[in-house]
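Report on the structure
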Amino acid sequence: MSHPVDGHDTEYEPNPREWVRQQVALYEASNGLEGGQLEGKPVVILTHRGARSGKIRKTPLMRMTEGNTYVIVASDGGSTAHPAWYHNVKAQPRVRLQDKAEVLDLVAREVHGAERAHWWEVAEAHWPHFPEYRASANREIPVVVLEPYTSAN
């Protein structure tokens, strides 16, 4: 059985932003040796399925972890709207994540309450711009954890 983001039954549609397309292509071609940083901080590539289009999408995001769990923050640089990837993972939570040469099948789960507060602390320890993003977004920025996929989830 194929993974929902394998792309065997659908096509990959590169991001409309040129810099994102270039970063994804460099990262994948070099296993993260090129295109693997933003302001000196490591990034990962999130592969997800478009909520409306059904097409495969790839998004570079900050590499933020605690133990074996990744956290991603739908800040979109402090934008007043949620990024497209957030809507996609809400609709189809099974995702694939490339962390350098390692490719992982994961499940996205939005966190709330005390768990959300904890993951905000983890995220802010990795990326110093999150407090300013929170101030400018004028919305509650979703926080999502990525956990290993099992048949139970």
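Up top you'll find the structure we're talking about.
The notes below deal with the structure included here.

Let's shift gears to the nonpolar core. One finds Leu46, Trp85, Leu97, Phe130 and Leu146 to be the most contacted residues of the largest nonpolar core, which totals 37 residues. Beyond its immediate stretch of four places on either side in the chain, Phe130 contacts Met64, Val73, Ser75, Trp120, Ala123 and Glu124.

Consecutive side chains along a regular strand alternate between the two faces of the sheet. Judged by how many residues are buried, strand S6 (residues 94-99) sits mostly within the fold: 6 of 6 residues are covered. Burial along S6 is two-sided: Arg94, Arg96 and Gln98 and Val95, Leu97 and Asp99, pointing in opposite directions, are all buried. Relative to S6, strand S2 (residues 41-49) runs antiparallel, the two sharing 3 bridges. Residue pairing for S6: Ile45 is matched across the bridge by Gln98. In this structure, S6 lies alongside strand S7 (residues 102-110), joined through 6 bridges in antiparallel fashion. Paired with Asp99 across the strands is Glu102, a residue of S7.

Right, let's talk about the side chain of Gln98 for a bit. If you trace the backbone, Gln98 turns up in strand S6. According to the relative accessible area criterion, Gln98 is buried, its value standing at 11%. For Gln98, the side chain forms a polar contact with the main-chain oxygen of Lys100, separated by 2.8 Å. Each residue touching Gln98, except ones within four places of it in the same chain, is listed here: Tyr27, Glu28, Asn31, Val44, Ile45 and Val103.

Cut-offs and rules
Residues numbered from 1 in each chain as written. Predicted model: local features only at pLDDT ≥ 70, side-chain atom pairs only at ≥ 80, totals over all residues. Heavy atoms only, no water. Core = buried A, V, L, I, M, F, W, Y, C linked by side-chain atoms within 4.5 Å. Buried < 20%, exposed > 50% of the residue type's maximum accessible area, 1.4 Å probe, protein only. Contact = heavy atoms within 4.5 Å. Helix = DSSP H or I, 4+ residues; strand = E, 2+ residues; numbered from the N terminus. Pairing = 2+ DSSP bridges. Polar contact = N/O pair within 3.5 Å; in protein donor to acceptor, adjacent residues only side chain to side chain.

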